[in-house]
Amino acid sequence: MTRSPNHQGVSDNRGRGLSRKQFLGLGAGAVAGLLAGCRGGPQNNPALREQSGSGTGGTEYKGPKVELQFWNGLTGGDGPYMRRMIRQFNAEHDNIQVKMSAYPWEEYYQKLATSVQSGRAPDIGIIHLENLPTHAARRVVAPLDDVAEALNLKETDFVSTVWQAGIYKGQRYGIPLDVHPIAFFYNKTSMSRAGLDPENPPTTREDYEAALEEFKRAGIQAHWVFPGAWPHFPILVWQFGGDLYNEDATEARFNSPEAIEGLTWLVNLIKKGYSPKNVGAGADFVGFQNGKNPFWWHGPWNINAFNEVENLDWGVTELPVIGSQKAALAGSHNLVLPRQRTPDSNRIDAAKVFINWLSKNSLEWAKAGQVPARNSVRESTEFADLTAQAEFAKELDYVRFFPPVPGVQDVYGQTVEPAVNKVLLLKQDPKSALDEATERANKLLKENREKYGA
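Residues numbered from 1 in each chain as written. Predicted model: local features only at pLDDT ≥ 70, side-chain atom pairs only at ≥ 80, totals over all residues. Heavy atoms only, no water.

Participant: Looking at this model, I keep getting lost on the packing of aromatic side chains. Mind explaining?
Facilitator: Each aromatic ring pair is characterised by the separation of its centres together with the angle its planes make. The tally for this structure, following the rule as stated, stands at 31 aromatic pairs. Consider the rings of Phe-184 and Phe-295, whose centres lie 5.0 Å apart with planes at 90 degrees: the pair is edge-to-face. A residue pair is termed long-range when its members are at least 10 positions apart, and Phe-184 in strand S9 (residues 183-187) and Phe-295 in strand S10 (residues 295-298) qualify at 111 residues. You'll find Phe-184 and Phe-295 in the same group, each marked buried. Three or more aromatic residues joined by ring pairs make a cluster, and in this case those are Phe-184, Tyr-186, Tyr-208, Phe-215, Trp-265, Phe-295 and Trp-297. Note that Arg-84 overlies the ring of Tyr-81, its terminal NZ or CZ placed 4.6 Å from the centroid. (Phe/Tyr/Trp six-rings, centres within 6.5 Å; stacked < 30°, edge-to-face > 60°. Helix = DSSP H or I, 4+ residues; strand = E, 2+ residues; numbered from the N terminus. Buried < 20%, exposed > 50% of the residue type's maximum accessible area, 1.4 Å probe, protein only. Lys NZ or Arg CZ within 6 Å of the ring centre and 35° of its normal.)

Participant: What is the right way to look at the sheet that holds strand S12 (residues 328-331) in this model?
Facilitator: One key point about sheets: their strands pair by backbone hydrogen bonds, in either a parallel or an antiparallel sense. Spatial strand order, S14-S8-S12-S15: four strands in an open sheet with mixed pairing. Two strands in the sheet have a free side with no partner beyond their single neighbour: strand S14 (371-372) and strand S15 (399-400). Two elements, strand S8 (residues 178-181) and S14, share two bridges in a ladder whose sense is antiparallel. Opposite Val-179, over in S14, you have Val-371 as the bridge partner. Where helix H10 (residues 232-239) meets the sheet, its contacts fall on S12 and S15, and the angle it forms with S12 comes to roughly 130 degrees. (Pairing = 2+ DSSP bridges. Contact = heavy atoms within 4.5 Å. Axes fitted to C-alpha atoms, helices over the stretch in contact; angles between N-to-C directions.)

Participant: Sorry if this is basic, but what is going on with the pattern of salt bridges here?
Facilitator: Where side chains of opposite charge bring their charged atoms close, a pairing between them can arise. Across all of its chains, the model carries 13 salt bridges by this definition. Across the salt bridge formed by Glu-364 and Arg-84, the nearest N and O atoms sit 3.2 Å from each other. Pair noted here: Glu-364 is in helix H15 (residues 363-366) and Arg-84 is in helix H3 (residues 79-92), with a separation of 280 residues, a long-range link. A relative accessible area of 35% places Arg-84 in the partly exposed class. (Salt bridge = Lys/Arg side-chain N within 4 Å of Asp/Glu carboxyl O.)

Participant: Explain the sheet that holds S9 here, please?
Facilitator: Sheet architecture is open: three strands sit in the order S10-S9-S11, paired in antiparallel fashion. With one partner strand each, in any of the chains shown, S10 and strand S11 (314-317) form the two edges of the open sheet. Taken over all neighbouring pairs, the strand axes of this sheet differ in orientation by 25 degrees on average, direction set aside. For S9 and S10, the ladder comprises four bridges, and the chain directions are antiparallel. Each residue of the ladder has a partner; that of Tyr-186, found in S10, is Phe-295. Along the sheet, helix H9 (residues 205-217) contacts S9 and S10; its crossing angle with S10, the most-contacted strand, is approximately 130 degrees.

Participant: How do you make sense of the pairing of strand S13 (residues 333-338) when you look at a structure like this?
Facilitator: The two faces of a sheet get side chains in turn, since along a regular strand they alternate between them. Summarising burial for S13: six of the six residues are buried, a large majority. Burial of the side chains of S13 extends over both faces: His-333, Leu-335 and Leu-337 are buried on one face and Asn-334, Val-336 and Pro-338 on the other. Sheet analysis places strand S3 (residues 124-128) next to S13, joined by four bridges and oriented antiparallel. Residue pairing across strands places Ile-127 opposite Asn-334, the latter belonging to S13.

Participant: Sorry, what's going on with the nonpolar core here?
Facilitator: A general trend in soluble globular proteins is that nonpolar side chains are found buried together. Ranked by internal contacts, the top residues of the largest apolar core, which has 142 residues, are Phe-70, Met-82, Phe-233, Tyr-245 and Trp-297. Contact partners of Phe-233, with chain neighbours within four places excluded, come to Leu-244, Phe-254, Ala-259, Leu-263, Tyr-412, Val-416, Val-420 and Leu-434. (Core = buried A, V, L, I, M, F, W, Y, C linked by side-chain atoms within 4.5 Å.)

Participant: Looking at this structure, I do not really get H10. What am I missing?
Facilitator: Given 3.6 residues per turn, any residue in an α-helix points the same way as the ones three and four places further on. Burial of H10 is extensive: eight of the eight residues sit out of reach of the surface. Along H10, the residues classified as buried are His-232, Phe-233, Pro-234, Ile-235, Leu-236, Val-237, Trp-238 and Gln-239. Residues of H10 that are buried sit in contact with helix H11 (257-271), S10, S12, S15, helix H19 (408-424) and helix H20 (430-452). Following H10 by one or two positions, Gly-241 adopts a phi angle in the positive range, close to 95 degrees.

Participant: Would you take a moment to explain the layout of surface pockets for this structure?
Facilitator: Rolled over the atoms, a probe with the dimensions of a water molecule shows which regions are left empty. In this structure, the largest pocket spans a volume of roughly 320 Å³. Taken together, 16 residues line the largest pocket, and the ones lying closest to its centre are Arg-400, Phe-401, Phe-402, Pro-403 and Pro-404. Where the lining of the largest pocket is concerned, the elements lending two or more residues are helix H7 (160-165) and S15. The biggest single contributor to the lining of the largest pocket is H7, with four residues. Residue classes in the lining of the largest pocket are distributed as nine nonpolar, four polar and three charged. (1 Å grid on protein atoms, 1.4 Å probe; cavity = no way out; pocket = protein on both sides within 12 Å on 5 of 7 lines; lining within 4 Å. Points joined across faces, edges and corners; volume = space filled by probe spheres on them. Nonpolar A, V, L, I, M, F, W, Y, C, P; charged D, E, K, R; others polar.)

Participant: Can you help me understand the packing of H11 against H20 in this one?
Facilitator: In a packed pair of helices, the relevant descriptors are the angle between the two axes and the axis-to-axis distance. Between H11 and H20, the shortest axis-to-axis distance is 9 Å and the interhelical angle comes to 130 degrees. Taken together, the axes of H11 and H20 are oblique relative to one another. Note on packing geometry: the crossing formed by H11 with H20 is right-handed. Listed contacts from H20 to Ala-259, Ile-260, Leu-263 and Thr-264 of H11 are Pro-430, Lys-431 and Leu-434. Residues of the contact of H11 with H20, tallied by class, amount to five nonpolar, one polar and one charged. (Parallel < 35°, antiparallel > 145°, perpendicular 65-115°, else oblique. Left-handed = near helix turned anticlockwise from the far one by under 90°.)

Participant: What is the right way to look at H11 in this model?
Facilitator: In this model, H11 (15 residues) spans 20 Å end to end at C-alpha, consistent with the 21 Å of a helix rising 1.5 Å per residue. When H11 is considered as a whole, its buried residues turn out to be Ala-259, Ile-260, Gly-262, Leu-263, Trp-265, Leu-266, Val-267, Leu-269 and Ile-270. Contact partners of the buried residues in H11: H9, H10, S10, H19 and H20. Just downstream of H11 lies Gly-273, where phi reads positive at about 85 degrees. (Expected span 1.5 Å × (residues − 1).)

As far as function goes, none of this settles anything; it's purely spatial.
Set out below in structure tokens:
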């Protein structure tokens, strides 16, 4: 982004190229704020007791009129869509009124932890799936098992992987609102200029590399790679059949043969002249619009941004299979209940009604550039009419998330990103860089188990 994005682009639908930290929505500074606000705080505060409400679990609310505070990081182009949904909800519920406050994501996470500690937490919040275990471990958010049970929500009602990922230590802490996978954007005008069929983007490694070669002959470096390799590195590791961690995320596998093969393929895009060297953050987004970077792997929050660009003829489809299998990195917004120092059963019941309503009515949210997590919404004819979002939805059978382990996303950011930077700046070979990253990551993972009591 030309200005600092608030998170993975969803909060600014004019989003530019983004780092892994921005995609996950919680950087090191926010983690520090969370820990500073929570050590000796929420997780050890007996006043922050379990909060189950009256037991209706979101099916209905018949209590006195309440005004609920809904905090999130939707400060950009997606904010108006959520506000429209809130206005509709308020119009349909005489006894519940929701007021939304939005902050830049990193600020939001700090404020959320502080508000829980001080006893002034909002009634409802949004947390990115990758951050949910950390907030659950620090008792910033409350379990939602009763909501799922009362509404008879089950795995078959949602994208299976995102539903399962909302569970931490046997309890559910989030109701998934959406899924936002990484897919393959392509500039049709540039493809035509290079003699390629703009209606048939490449789907295999062979065809993808052949297309890059055709672009090169036409004087176009078609796939820009910027230091950090977000989102390429995890996608390529998975596509080549590897994984970032072992099954319980106690050991990093950043230096597996599959990871080395994936990073080698990526750095070769630079060495072979398919990508410029030293691509700056945000340059890839601008390059896509002006036809200089016609092949771009990114998220659905760019849909509305590209629709607003005059004379930009673009398409989007599933990621090409560079390795041996399909795989795509994804994130998700989860609706949560922050813990309250003095739980109010009426407010809790009303908040659960709002969470359920948002999930059932997430078609409007899809228009912001999202894929609804709820199957009934995604399978509607109205969603099918959102053709770009529907393309992203094709990847849902094989999307992957970072493991649901507290602090694991920061381990990645502190180890993999610096290592990959060196490789893509042609300062170190893939194997030695990933060996060093893995050794450092395993130390951090051990520290996290002690820190979070995992």
